[in-house]
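# Working through the structure, step by step
What follows is the residue order along each chain.
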Amino acid sequence: MVDDEAPARRRICDLLAKDADIATTLSAENGLAAIAMIQDARPDIVFLDVQMPGVDGFGVIDAVGPENMPVTVFVTAYDRFAIQAFEVEAVDYLLKPFSDRRFDRTMERVKERLGDGPSGSDGANAFGPELLKLVAKRARPGEIWDWIAVKSRDTTRLVMTEDIDWVEAAGVYVTVHSKGDAFLYRAGLAAVASRLDPFRFVRIHRSHIVNVRSIECLERRSHGEFEVMLKTGTRLMMSRTYRGEVEAILGQTL
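Residues numbered from 1 in each chain as written. Predicted model: local features only at pLDDT ≥ 70, side-chain atom pairs only at ≥ 80, totals over all residues. Heavy atoms only, no water.

## Notes on helix α8 (residues 243-250)
- The complete set of buried residues in α8 reads Val 246, Glu 247 and Ile 249. Each buried residue of α8 lies within a common arc of 165 degrees when the element is viewed along its axis, so the set occupies one face.
- For α8, the secondary structure elements touched by its buried residues are β9 (201-205), β11 (215-220) and β13 (235-238). (Buried < 20%, exposed > 50% of the residue type's maximum accessible area, 1.4 Å probe, protein only. Helix = DSSP H or I, 4+ residues; strand = E, 2+ residues; numbered from the N terminus. Arc of directions from axis to C-beta. Contact = heavy atoms within 4.5 Å.)

Take a look at the structure:
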């Protein structure tokens, strides 16, 4: 259990003490102590606070290495990273304050992951190394864009990515649609997609990326395709090639 706040550490340690499957519980009050403890003790599970002074939760992941992290559950009082990242339930988190029931659900998921691998916790990271790398990447400024700098003559306009409804391929440019306006940005769609938050934006067509929060509804069409209606009234086709990506970000089948 890693948290710079003693009450938070005690709360989870007390809950773990009631679980007959937990043999030993260790705690660390900062990131540096956590790194040493994870490397030395090689625990099966880590409850990791996101925001800590000095080395934060993402710094712990970077130092230990995503591929070497045990089954990891983020614990946070902030939604800057965790809630957006985990609301699709691809991985798990605990948002402070959390109920005993919510904690029990977390432990059910953790135990399922621990039991998935052929040798218990070996290689059974609940996040998966690639997703852990992505989460750590989100903590570094500029890696995942919060703004797109749209240049026009002598003016550079900062368009917040959270305000973007959809992005459309336009040759060597993309057209960024935001709050009823459209802006040309000189970059290919794939390049822009790699810098947008993958927990918020999803590709629905080889020419279109949409902000999931801008979707009003999806209407089924023929051959597994859907028409995506945005809250702005815009209608876009979702090809069946990208249906799996949409289902993954929703955490549900269509």
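## Topic: the packing of aromatic side chains
- As enumerated under the stated definition, the model contains 4 aromatic pairs in all.
- With centroids separated by 5.7 Å and ring planes inclined at 55 degrees, the aromatic side chains of Phe 58 and Phe 74 adopt a geometry described as tilted. Note that Phe 58 is positioned in helix α3 (residues 57-64) and Phe 74 in strand β2 (residues 71-76), a separation of 16 residues in sequence. Here Phe 58 and Phe 74 have matching classes, each one buried.
- Here Trp 145 and Tyr 185 contribute two aromatic rings whose centre-to-centre distance is 5.9 Å and whose plane-to-plane angle is 80 degrees, an arrangement assigned as edge-to-face. Placement of the pair is Trp 145 in the loop between α6 (129-138) and β4 (147-152) and Tyr 185 in strand β8 (residues 181-185), with a sequence separation of 40 residues.
- A residue is classified by how much of its surface remains accessible, and Trp 145, at 19% relative accessible area, is buried.
- Residue Tyr 185 is classed as buried on the basis of its relative accessible area, which comes to 17%.
- One aromatic cluster is present, built from ring pairs that chain together Phe 47, Phe 98 and Phe 103. (Phe/Tyr/Trp six-rings, centres within 6.5 Å; stacked < 30°, edge-to-face > 60°.)

## Focus on the environment of Leu 16
- Position of Leu 16 among the secondary structure elements: in helix α1 (residues 6-17).
- Overall, the relative accessible area of 6% leaves Leu 16 in the buried class.
- In this view, Leu 16 contacts Ile 22, Thr 25, Phe 47, Phe 103 and Met 107; residues no more than four positions away in its chain are not counted.

## Topic: the pattern of salt bridges
- Tallied over the full model, the rule gives 10 salt bridges.
- The residue Arg 9 makes a salt bridge to Glu 29 at a minimum N-O spacing of 4.0 Å. Taken together, the residues Arg 9 in helix α1 and Glu 29 in the loop between α1 and α2 (31-41) connect sequence positions 20 residues apart.
- What makes Arg 9 buried here is its relative accessible area of 14%.
- The exposure class of Glu 29 is partly exposed, given its relative accessible area of 49%.
- For Glu 227, the salt bridge is made with Arg 221, and the minimal N-O distance between the two is 2.6 Å. (Salt bridge = Lys/Arg side-chain N within 4 Å of Asp/Glu carboxyl O.)

## What about the pairing of β11?
- Two elements, β11 and strand β12 (residues 226-230), share 5 bridges in a ladder whose sense is antiparallel. Within β12, the position partnered with Ile 215 by the bridge is Leu 230.
- Hairpin connection, β11 to β12: the antiparallel pair is bridged by 5 residues, and His 223 has positive phi, about 60 degrees. (Pairing = 2+ DSSP bridges.)

## So, the environment of Ile 249
- For Ile 249, the location among the structural elements is in helix α8.
- Relative accessible area serves as the criterion here: at 9%, Ile 249 is assigned to the buried category.
- For Ile 249 and Pro 198, which are 51 residues apart along the polypeptide, the C-alpha to C-alpha distance reads 8.3 Å.

## So, the confidence of the model for the protein chain
- Across the protein chain, pLDDT averages 83, with 83% of residues at or above 70.
- Every residue in residues 83-90 is under pLDDT 50, and counting partners more than four places away or in other chains gives 28 contacts.
- The low-confidence segment residues 117-124, where pLDDT is below 50, has 6 contacts with residues more than four positions distant or belonging to other chains. (pLDDT = per-residue confidence, 0-100.)

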